[in-house]
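# Geometric and topological summary
Chain by chain, the residues:
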Amino acid sequence: MSAVDAVPTSVVRGYVAALMAILGRGLVSLGGADAVAREEIHGFPDGFTFEMKVLPSGPGFRVRKEGDGFVPDRGEERPALSIGFKHLRHAFRVTTLLDDTPRAIADDRLVIDGELALAMRINRVIDRMLRLLLPRAFGTTATTIRLFARMTTPP
Amino acid sequence: MTTSYYEFFCPVKILAGTSALEHVPFELRLLGASRPMLVTDSGVKGAGLLDPLRRALAEGEMDFAAAFDDVPSDSSTTVVTACASLYRQHRCDAIIAVGGGSVIDTSKGVNILVSENADRLEPFAGSGALKRPLRPFFVVPTTAGTGSEVTLAAVITEPTREVKLLFTSYFLLPTAAVLDPRMTLTLPPKLTAATAMDAMTHAVEAFIGLAKNPLSDAYATAAIRKISANVIVAMDKPRDVAARFELAQAATMAGIAFSNSMTSLVHAIGHELGATCHLHHGTCMSLVLPYALEYNLSARAAEIGELLLPLEGADTYAKTPVEERPKAAIASIRRLRDDLHARCDLPRTLNETGQVRRDQLPALARRSLDDGALSYNPKAVRYEDVLGILERAWA
């Protein structure tokens, strides 16, 4: 059994829920705080909805593009873009940086539903947000560097 | 390095070899179908490629209940809707697609509409929207490159918004792929070269990508071996049945490989080149492949070195020191491009195409970063990296 398998379900669920909440709130506060992110966010159509969650019923978050940034969204209809983790433990591996996002995609841990160009863009926005948030939270570790290096916003 | 977890799936029945077309009526009856609809394009029709299929059906006491023979090279939801309407009008119960990527993708769209009894394709875009098996769907490829006969995706343009809709679902996989040597014998030299390089790129990217796995590796290396050994033969002797059949099988095998381990950097750049400069997809692959391999060398030297075996054979592989194999493999692909250029003028540089301007390269690089295939590249890719690859591919 790996160290990850030994973590109790309740701890995994609580941790992933907290990280999802941080990611969702981070996206909402990002547009006003960072010019690079704002430029990327402008590339989404107005009203664009994005959801990230653990399948089938969460935890997760959902946001909508409005003006220069994202706002929380509580709509029930199918989002324009969704990224779903197939299992709680897969989300745990990614949010603890044991797996980076490209590895999770390559290993079929995620289901992306929507236009791929928008998925690549949201990936860059999330990376930008992590770039701003994570050094304060975790320090600049080799793992975070690897995650950050995946995508770079074009000039 | 293999992934820590992988999935592999290919339920498509392969009907391959001499008289493969003659198996179609029997296979359709096994599925309870007797009124197939033909979907094809004017080029296939004009080349007389439908004759052996029509005869095979007639001798098997079956005929097309309807035929849609005017699929354009860049299909659209409008075409799909018209085709589905014809299907319903003639009470068809199966689809036989005869052609290349556009015909096959159109047929996948038609199968969605007629199976789901729907009028619009848009609600089924993305992945996971289809929840049940579709109608019997046979594919007869007339090019040896796209691998669409074994893939679960379709790209169809929505003309009013001018967006390309992507559909992915295991239910889009054809019921059967029919590889009959008669169907690719008349493929023109340049198209033979470009489609072979398309299949080569599928196999190479499947072998070096992040999602590579032992099963897709087996298909990929076998496909590369067949292409290397047969593409020049088919160029020099276009009616060489054995070489044509080897290329057709290679394209299908490469299709199985990349539909399970995906493509990466070459396709991300190639998609943009094709869309912006209106170059044939296979040509785009050929233009970018060696430079993308050079870029990935630092992350995938061992895997690229292993490509030397299927590319050049056991003798060359054994004589080449391990540390020289990666560069030797890339050099082999460059030589293949030179050989193809000598025979049919398949361009080797962006400049040679006459359809790309150098001032377009920055925009091409920027847009390539939005392509989902980049997620599977073994090495992180930034704007400057893509621009560098395009600059090296320029001349």
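Bear in mind the structure is a predicted one, so any value in this text is a computation, not a measurement.

Cut-offs used in this document
- Residues numbered from 1 in each chain as written.
- Chains lettered and ligands numbered in written order.
- Predicted model: local features only at pLDDT ≥ 70, side-chain atom pairs only at ≥ 80, totals over all residues.
- Heavy atoms only, no water.
- 1 Å grid on protein atoms, 1.4 Å probe; cavity = no way out; pocket = protein on both sides within 12 Å on 5 of 7 lines; lining within 4 Å.
- Points joined across faces, edges and corners; volume = space filled by probe spheres on them.
- Helix = DSSP H or I, 4+ residues; strand = E, 2+ residues; numbered from the N terminus.
- Axes fitted to C-alpha atoms, helices over the stretch in contact; angles between N-to-C directions.
- Parallel < 35°, antiparallel > 145°, perpendicular 65-115°, else oblique.
- Left-handed = near helix turned anticlockwise from the far one by under 90°.
- Contact = heavy atoms within 4.5 Å.
- Nonpolar A, V, L, I, M, F, W, Y, C, P; charged D, E, K, R; others polar.
- Core = buried A, V, L, I, M, F, W, Y, C linked by side-chain atoms within 4.5 Å.
- Buried < 20%, exposed > 50% of the residue type's maximum accessible area, 1.4 Å probe, protein only.
- Patch = residues over 30% accessible without salt bridge, like charges linked within 9 Å, V, L, I, M, F, W, Y side chains within 5 Å.
- Areas by Shrake-Rupley, 256 points an atom, 1.4 Å probe, with all protein chains shown as cover.
- Salt bridge = Lys/Arg side-chain N within 4 Å of Asp/Glu carboxyl O.
- Domains from an automatic or database assignment.
- Buried area = accessible area lost by both parts, 1.4 Å probe.
- Pairing = 2+ DSSP bridges.

### Quick notes on the layout of surface pockets
Residues and elements named next belong to chain A.
- In this structure, the second largest pocket occupies an estimated 380 Å³ of space.
- As for the second largest pocket, its lining consists of 19 residues, of which Gly-60, Phe-61, Arg-62, Asp-73 and Arg-74 are closest to the centre.
- Every element with two or more residues in the lining of the second largest pocket is listed here: helix H1 (9-33), strand E1 (49-54) and strand E2 (60-66).
- Take the lining of the second largest pocket: its biggest share by element is five residues, from H1.

### Examining the packing of helix H9 (residues 265-277) of chain B against helix H15 (residues 361-368) of chain B
Residues and elements named next belong to chain B.
- Between H9 and H15, the shortest axis-to-axis distance is 9 Å and the interhelical angle comes to 130°. Classified by the interaxial angle, the pair formed by H9 and H15 is oblique. Classified by chirality, the crossing of H15 by H9 is right-handed. Residues Ala-268, Ile-269, Glu-272, Leu-273, Thr-276 and Cys-277 of H9 lie in contact with H15, whose contacting residues are Leu-364, Arg-367 and Ser-368.
- Residue classes in the contact of H9 with H15 are distributed as five nonpolar, two polar and two charged.

### Regarding the nonpolar core
- Of all hydrophobic cores here, the largest spans 75 residues; its most connected members are B:Val231, B:Leu273, B:Leu340, B:Leu350 and B:Val356.
- The residues touching B:Leu340, leaving out its near neighbours within four places in the chain, are B:Ala193, B:Met197, B:Val231, B:Ile232, B:Met235, B:Asp345 and B:Leu346.
- By size, the runner-up hydrophobic cluster in this structure holds 39 residues, among which are A:Val7, A:Val63, A:Ala91 and A:Leu130.

### Overview of a nonpolar patch on the surface
- Where nonpolar side chains cluster on the molecular surface, the patch consists of B:Phe26, B:Leu30 and B:Leu31 and spans about 320 Å² of accessible area.
- Owing to a relative accessible area of 44%, B:Leu31 belongs among the partly exposed residues under this scheme.

### Quick word on the domain arrangement of chain B
Residues and elements named next belong to chain B.
- Examined at the domain level, chain B breaks down into domain 1 (13-183) and domain 2 (189-394).
- One C-alpha centre belongs to domain 1, the other to domain 2; they are set 27 Å apart.
- Listed per partner, the contact involves 13 residues of domain 1 and 16 residues of domain 2.
- Approximately 1100 Å² of surface area, both sides summed, lies buried where domain 1 meets domain 2, with 74% of it carried by carbon and sulfur atoms.
- Counting the contacts that link domain 1 with domain 2 gives zero salt bridges.

### Overview of the environment of A:Leu98
- Relative to the helices and strands, A:Leu98 is located in the loop between helix H3 (88-95) and helix H4 (101-106).
- Counting along the chain gives 65 residues from A:Leu98 to A:Ala33, while the straight-line C-alpha distance between them is 28 Å.

### Quick look at the pairing of strand E6 (residues 137-141) of chain B
Residues and elements named next belong to chain B.
- In terms of burial, E6 is largely enclosed, as five of its five residues are buried.
- Inspection of the sheet shows strand E4 (residues 94-99) paired to E6 by five bridges, in the parallel sense. Within the sheet, the bridge partner assigned to Ala-97 lies in E6 and is Val-139.
- Bridge analysis of E6 against strand E9 (residues 176-179) gives two bridges, and the strand direction is parallel. The partner of Val-139 across the bridge, within E9, is Ala-177.

### Topic: the sheet that holds strand E8 (residues 163-168) of chain B
All names here are of chain B.
- The sheet built from three strands is open, its strands ordered E5-E8-E7 with mixed pairing. Strands with a single pairing partner mark the edges of an open sheet, and in this sheet they are strand E5 (126-127) and strand E7 (153-158).
- Inspection of the sheet shows E5 paired to E8 by two bridges, in the parallel sense. By the bridge assignment, Ser-127 is partnered in E8 with Thr-168.
- With respect to the sheet, helix H5 (residues 101-116) is in contact with E7 and E8, its orientation differing from that of E7 by roughly 85°.

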